[in-house]
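# A look at the structure
So the chains spell out like this:
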Amino acid sequence: MSINNIKKLSMNPHFYSLLIQSFLSGYEKPCEMKLPFMAIPILLYAESREKLVTANKRSRIDTLFQSSQIVEESKISGRTRLSGYIDRYNSLKPYCKEAIIILSSADKIVIDNHKIVLIQEVNYKNFEGIIRDWIKCAFYLGIVFSKTTKDHLSFFLGVDTK
C-alpha cells in the first residue's frame, strides 16, 4: 500500500466506521458509547497494531500492553506501544463521531440507552491483505475491551471519558 493511500485511509471516517464495526463484532454485546473512541487511537498506531496482531480470545489489555519488550537489546515498558495515546484520542474524536454516524445511517448499528448495538457484524476473514490485518486487530481489540470496564480502560489509557 502506498504512502498516499495510507494517508487517505488514516483520516477517512468510512474506514474508521469499518474498524468500529469490526471492533463491535469482537465486543459481542451492547457497547458503551465511548469505547470506540478509545479504540480508534490504538488501532491507528502502528506499534499497537503490531501487538494486536498477536492477540487471541484470551488476551487482556494488561497482558498486551504492559509486558516488557526488547528494543536494541534493551528491555523497555510495553506501555510505549501506547505512547501519544491521549493526543491521538483528542484529535480523532471528530472522525470517530462521523464514523458512528456513518454506521448508524447505514443501519449497521443502533444507539440505545447511550450504548451502541451492532446490527451487522463484519468478519475479518472475508478480507485480504493489509486491510484484513487492520480489521482483525479491531476485532481482537473488541474482545480485549469486552473483558474490562470503561473505568478501568480510562485509568489504563489515561483518558477522562466524561
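Remember, it's a predicted structure, so these values are computed and weren't measured experimentally. (Residues numbered from 1 in each chain as written. Predicted model: local features only at pLDDT ≥ 70, side-chain atom pairs only at ≥ 80, totals over all residues. Heavy atoms only, no water.)

### What about the pattern of salt bridges?
Under the defined criterion, the tally for this structure stands at one salt bridge. Measuring nitrogen to oxygen at the nearest pair gives 3.8 Å for the salt bridge that ties E32 to K115. A residue pair is termed long-range when its members are at least 10 positions apart, and E32 in strand β1 (residues 31–32) and K115 in strand β5 (residues 115–118) qualify at 83 residues. Taking the relative accessible area as the measure of exposure, E32 reaches 28% and is therefore partly exposed. Judged by relative accessible area, K115 falls into the partly exposed class, the value being 32%. (Salt bridge = Lys/Arg side-chain N within 4 Å of Asp/Glu carboxyl O. Helix = DSSP H or I, 4+ residues; strand = E, 2+ residues; numbered from the N terminus. Buried < 20%, exposed > 50% of the residue type's maximum accessible area, 1.4 Å probe, protein only.)

### A word on the pairing of β5
Each regular strand carries side chains that alternate between the two faces of the sheet. With two bridges joining them, β1 and β5 adopt antiparallel strand pairing. Note that in β5 the partner of E32 across the bridge is K115. Bridge count for strand β4 (residues 109–112) against β5 is four bridges, and the pairing is antiparallel. By the bridge assignment for β5, V110 is matched with V117. (Pairing = 2+ DSSP bridges.)

### Regarding the nonpolar core
The nonpolar side chains of soluble globular proteins are, as a tendency, buried together. By size, the foremost hydrophobic cluster in this structure holds 48 residues, and its most contacted members are F23, M38, I40, I42 and F145. Looking at this core, the elements that each hand over two or more residues are α2 (13–27), α3 (35–43), α5 (61–65), α6 (85–105), α7 (129–146) and α8 (150–157). When residues of this core are assigned to their parent elements, the largest contribution, 10 residues, is made by α7. Not counting the four nearest positions on each side in its chain, F145 is found in contact with F23, Y27, L35, M38, A39, I42, I61, L153 and L157. (Core = buried A, V, L, I, M, F, W, Y, C linked by side-chain atoms within 4.5 Å. Contact = heavy atoms within 4.5 Å.)

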